[in-house]
Amino acid sequence: MRTTWGSATDCGPFRRLNEDALLAYPPLFVVADGMGGHDAGEVASRIAVEEAGQLAGRPEVTADDVHTIVRAISARVRAVVPDGRTVGTTFAGVGIARHEGGSYWLVFNIGDSRVYRYADAGLTQISVDHSVVQELVDRGVIGAAEALHHPDRHVITRAIGTGPDPDPDYWLIPAGAADRMLVCTDGLTDELADDEIAELLASSPDPQVAAERLVDAAVERGGRDNVTAIVVDVAASRAGDDDSTAEAHREPRGWDEAADGSTNPRQSRARVPEVDR
Ligand code: MG
């Protein structure tokens with residue numbers, strides 16, 4: 001399965017640091033939202049995307065691959081935590097996977113960054129937040145509308161680095177030929193409602209333009225937190241190939257084998273911490 005993608009991140013007007021980080025490089029599209037303040041949060045999220053980069057360039061990933069990376073992130077974050085500080089990072093994303101001959105999205109999440117699928121003009125949240133508010137919603141204590149403004153909405157119940165055993169959730173979902181995946185930090189979803197996100201995704205065919213418009217809209221709305229978005233599309237069929245559904249389920253090609261260059265990584269708007277390799 002070939003993909004095209006775009007990404008953007010912005011510190012926002014109120015935060016001094018951008019503690020978000022991202023990696024967008026097939027087969028993995030990941031955001032990490034670090035917590036812990038200066039010399040901590042941005043270090044944790046950078047470690048997360050550095051480790052995720054170990055899988056860059058493979059034709060596909062498995063949940064085991066991602067789990068190995070999550071454990072490595074946890075070990076490194078816990079090793080650099082200053083005494084007495086709570087330091088951690090969310091980790092959410094989508095990978096290109098293969099299952100029984102078909103192309104799939106491997107969605108994974110720990111924390112309250114999110115993965116959505118936009119398909120058939122509808123936006124569906126795939127990941128489930130690990131947050132106090134989500135637990136209250138699940139138990140029927142509060143409704144979805146109340147959750148948006150709940151004072152504890154930023155209190156998360158799982159993260160990498162805050163406990164000995166990182167515990168991500170995984171989903172394996174069949175990839176549709178017209179799928180568009182959105183991976184984002186809570187700085188985006190705090191500012192924009194799902195219907196606003198869907199509208200921006202619908203009106204921006206280019207994934208880079210879509211990512212930038214989403215981030216810009218969240219910053220213009222208030223930008224109370226760092227904002228990061230990655231938009232991933234299944235690449236359009238080539239000319240003369242009229243069966244676009246089959247395209248998504250064909251033998252996946254390595255990212256470097258695409259003849260038309262459509263899978264070359266695009267420049268993100270920098271302000272993400274630099275990744276040293
Ligand atoms: Mg955040």
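Values in this document were obtained by computation on a predicted structure and should not be read as measured data. (Residues numbered from 1 in each chain as written. Predicted model: local features only at pLDDT ≥ 70, side-chain atom pairs only at ≥ 80, totals over all residues. Heavy atoms only, no water.)

1. Considering the overall build of the protein chain
Consideration 1: The helix and strand tally for the protein chain stands at eight helices and 11 strands.
Consideration 2: In the protein chain, which comprises 277 residues, the share counted as buried stands at 53%.
Consideration 3: Contacts spanning at least 24 positions in sequence make up 72% of the contacts within the protein chain whose residues lie at least 6 apart.
Consideration 4: Accessible area for the protein chain stands at about 12100 Å²; split by element, carbon and sulfur atoms hold 47% of it. (Helix = DSSP H or I, 4+ residues; strand = E, 2+ residues; numbered from the N terminus. Buried < 20%, exposed > 50% of the residue type's maximum accessible area, 1.4 Å probe, protein only. Contact = heavy atoms within 4.5 Å. Areas by Shrake-Rupley, 256 points an atom, 1.4 Å probe, with all protein chains shown as cover.)

2. Here we look at the coordination of the magnesium ion
In ideal tetrahedral geometry, four donors around a metal make angles of 109.5 degrees, whereas ideal octahedral geometry with six donors gives angles of 90 or 180 degrees.
Consideration 1: Here the magnesium ion is held by the protein donor atoms Asp 33 (OD), Asp 186 (OD) and Asp 225 (OD), which lie 2.0 to 2.2 Å from it.
Consideration 2: Sequence positions of the residues that donate to the magnesium ion give the spacing D-x152-D-x38-D. Placement of the pair is Asp 33 in strand β3 (residues 28–35) and Asp 225 in the loop between α7 (207–221) and β11 (227–234), with a sequence separation of 192 residues.
Consideration 3: The buried category is assigned to Asp 33, whose relative accessible area is 9%.
Consideration 4: When its relative accessible area of 10% is taken as the criterion, Asp 225 is described as buried. (Donors = N, O, S within 2.8 Å, 3.2 Å for Na, K, Ca; no water.)

3. Some details on the confidence of the model for the protein chain
Consideration 1: Residue-level pLDDT values for the protein chain average 86, and 85% of them are 70 or greater.
Consideration 2: Low pLDDT, under 50, characterises residues 240–277; the predicted model gives this stretch 86 contacts beyond four residues in sequence or across chains. (pLDDT = per-residue confidence, 0-100.)

4. With respect to the sheet that holds strand β7 (residues 114–119)
Consideration 1: Across the sheet, which stays open at both edges, the five strands sit in the order β1-β11-β10-β7-β8 with antiparallel pairing between neighbours. Both edges of this open sheet fall to β1 (3–10) and β8 (122–125), since each of them pairs with a single strand only. Strand-to-strand twist in this sheet, taken as the mean axis angle between neighbours without regard to direction, amounts to 20 degrees.
Consideration 2: Against the sheet, α7 makes contact with β1, β10 (180–184) and β11, and its axis sits at roughly 25 degrees relative to β1, the strand it touches most. (Pairing = 2+ DSSP bridges. Axes fitted to C-alpha atoms, helices over the stretch in contact; angles between N-to-C directions.)

5. Side note on the nonpolar core
Consideration 1: In this structure, Leu 28, Val 66, Ile 73, Phe 91 and Phe 108 are the most contacted members of the largest nonpolar core, which totals 26 residues.
Consideration 2: Elements with a contribution of two residues or more to this core: β2 (20–25), β3, α1 (41–52), α2 (63–80), β5 (91–99) and β6 (102–110).
Consideration 3: Judged by nonpolar contacts, the second largest core, of 21 residues, contains Ala 8, Leu 188, Leu 214 and Val 231. (Core = buried A, V, L, I, M, F, W, Y, C linked by side-chain atoms within 4.5 Å.)

6. Looking at the pairing of β3
Consideration 1: Burial of β3 is extensive: seven of the eight residues sit out of reach of the surface.
Consideration 2: Here six bridges tie β2 to β3, and the two strands are oriented antiparallel to one another. Bridge pairing links Asp 20 to Asp 33 in β3.
Consideration 3: The antiparallel hairpin formed by β2 and β3 contains two residues in its connecting segment.

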